[in-house]
Amino acid sequence: MNDKRTFPESELIINSDGSCFHLHLKPEQLADRVILVGDPARVDTVASHFDTRECETANREFHTITGTYKGKRITCQSHGIGCDNIDIVVNELDTLANIDYQTREERDEHRTLTMVRIGTCGGLQPFTPTGTFIASVKSIGFDGLLNYYAGRNVVCDIPMEKAFCQHMQWDAIKGAPYVSIADEALIDRIAKDDMVRGYTVSCGGFYGPQGRALRAELADPRQNEKIEAFEYEGMKICNFEMESSALAGLATILGHRAMTCCMVIANRYTTEMNTEYKNSIDTLIQRVLERI
């Protein structure tokens, strides 16, 4: 009896060339090690360190190069901005790894991907000045993405969610925040002793959701002040970014290892900003390439 799931055309959308719908990547082009970046141009920066290049694809904000670095086969994949794009990228990478594109059936053996996102962020503490590398141990998702998936309670830190909502006096109209957990062994391997480990808030936008007040007034002007003061099990929220919660949570649900490490380019606590960060993020890229 065949009890493997089969996925119809409307759910698993495969292009005429045999590639997945958005990424335009074929199963044989995906490596087990995946570096994720937001900016499509940053894929070229990562790949500039590769010893060989095997393939390259591009569609919209999704740019992919697979190659080798010191004997390791690596795929570098851009995802654009936001947790909604992470939903596309992680799901499609998983299909490439774990669904047979010829039969549309789940593969007999699960293939586990190792995914490390390299990004930029806003620091929220006096000990996270511009240039700091932060590894997100747990991420608080303001975006609500994981709430659409069964099993979100299994992969999330529910007590921390309750403590955070109580501390923030959270308004339910914003939707329920979730706390996803990065792969602990991967954090140890990538962060080692030269990255700050802490909590991260993944926001659903760059301005209001991150407490930036321009012409539109904020619903909670004290939001950032409360976030900066939150402490749980001896650790504080170190930074804002826009993808790590969905990456860690969805990857865990699908049986993959994932984490995010970011370089601070703005410190919201001291109101400092480094607009020339593209000249220095290459240090973080090389560090991840060595350790992934």
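The rules behind the values
Residues numbered from 1 in each chain as written. Predicted model: local features only at pLDDT ≥ 70, side-chain atom pairs only at ≥ 80, totals over all residues. Heavy atoms only, no water. Helix = DSSP H or I, 4+ residues; strand = E, 2+ residues; numbered from the N terminus. Buried < 20%, exposed > 50% of the residue type's maximum accessible area, 1.4 Å probe, protein only. Salt bridge = Lys/Arg side-chain N within 4 Å of Asp/Glu carboxyl O. Phe/Tyr/Trp six-rings, centres within 6.5 Å; stacked < 30°, edge-to-face > 60°. Lys NZ or Arg CZ within 6 Å of the ring centre and 35° of its normal. Arc of directions from axis to C-beta. Contact = heavy atoms within 4.5 Å. Polar contact = N/O pair within 3.5 Å; in protein donor to acceptor, adjacent residues only side chain to side chain. Axes fitted to C-alpha atoms, helices over the stretch in contact; angles between N-to-C directions. Parallel < 35°, antiparallel > 145°, perpendicular 65-115°, else oblique. Left-handed = near helix turned anticlockwise from the far one by under 90°. Nonpolar A, V, L, I, M, F, W, Y, C, P; charged D, E, K, R; others polar. Patch = residues over 30% accessible without salt bridge, like charges linked within 9 Å, V, L, I, M, F, W, Y side chains within 5 Å. Areas by Shrake-Rupley, 256 points an atom, 1.4 Å probe, with all protein chains shown as cover. Disulfide = S-S within 2.5 Å.

### Examining unusual backbone geometry
Of note in this structure, H24 is not a glycine but carries a positive phi near 60°. Here H24 lies in the segment before β1 (33-37). What makes H24 partly exposed here is its relative accessible area of 29%.

### Looking at the pattern of salt bridges
Applying the stated criterion across every chain yields a total of 15 salt bridges. Between E243 and R117 there is a salt bridge, and its shortest N-O distance comes to 3.2 Å. You can see E243 sitting in the loop between β12 (235-241) and α7 (244-253) and its partner R117 sitting in strand β7 (residues 114-123), a full 126 residues away along the chain. Like E243, the residue R117 is buried in the burial classification.

### Focus on the packing of aromatic side chains
Considering all chains together, one arrives at 6 aromatic pairs under this definition. A ring pair is formed by F142 and W170, whose centres lie 5.0 Å apart and whose planes are at 55°; its orientation type is tilted. Of this pair, F142 sits in the loop between β8 (133-141) and α3 (152-155) while W170 sits in the loop between α4 (158-168) and β9 (178-181); the two residues are 28 residues apart in sequence, bridging distant segments of the chain. On the basis of relative accessibility, which here comes to 18%, the residue W170 falls in the buried class. Both rings, one in F206 and one in Y207, keep their centres 4.9 Å apart while their planes meet at 80°; by these two values the pair is edge-to-face. Site record: aromatic cluster; members linked through ring pairs are F142, F164, W170, F230 and Y232. In this structure, K174 packs its charged tip against the face of W170, placed 5.0 Å from the ring centre. Above the face of the F206 ring, R212 is positioned so that its terminal group lies 3.9 Å from the ring centre.

### Quick look at helix α1 (residues 40-47)
R42, V43, V46 and A47 are the residues of α1 that are buried. Take α1 and look down its axis: the buried residues cluster within an arc of 140°, on one side only. Of the surrounding secondary structure, the elements contacted by the buried residues of α1 are β1, β2 (52-59), β3 (62-69), β4 (72-78), β7 and α8 (282-291). A distance of 2.9 Å separates the backbone nitrogen of A41 from a side-chain oxygen at the start of α1, and that oxygen is part of D39.

### Quick notes on the side chain of N15
Looking at the secondary structure, you find N15 in the segment before β1. Taking relative accessible area as the criterion, N15 reaches 19% and is therefore assigned buried. One polar contact links the side chain of N15 to the main-chain carbonyl oxygen of C20, over a distance of 2.9 Å. Beyond its immediate sequence surroundings of up to four residues, N15 is in contact with C20, F21 and H24.

### Re the packing of α1 against α8
With their axes 10 Å apart at the nearest point, α1 and α8 run at an angle of 60° to one another. Here α8 runs oblique to α1, going by the angle between their axes. α1 and α8 meet at a crossing whose hand is right-handed. For the pair α1 and α8, the contacting residues are R42, T45 and V46 in the first and D282, I285 and L289 in the second. When the residues that make up the contact of α1 with α8 are grouped by side-chain class, the tally is 3 nonpolar, 1 polar and 2 charged.

### Concerning a nonpolar patch on the surface
A cluster of nonpolar residues, F206, Y207 and L214, forms a patch on the protein surface that exposes about 350 Å² of accessible area. Mapped onto the fold, F206 is located in the loop between β10 (196-202) and α6 (223-229). According to the relative accessible area criterion, F206 is partly exposed, its value standing at 42%.

### Quick word on the state of the cysteines
A full pass over the atoms with the stated rule returns 0 disulfides. Left without a disulfide partner, C76 is nearest to the cysteine sulfur of C55, which lies 12 Å away. Unpaired in terms of disulfides, C203 finds its nearest cysteine sulfur in C83, a separation of 9.2 Å. The exposure class assigned to C203 is buried, which follows from its relative accessible area of 2%.

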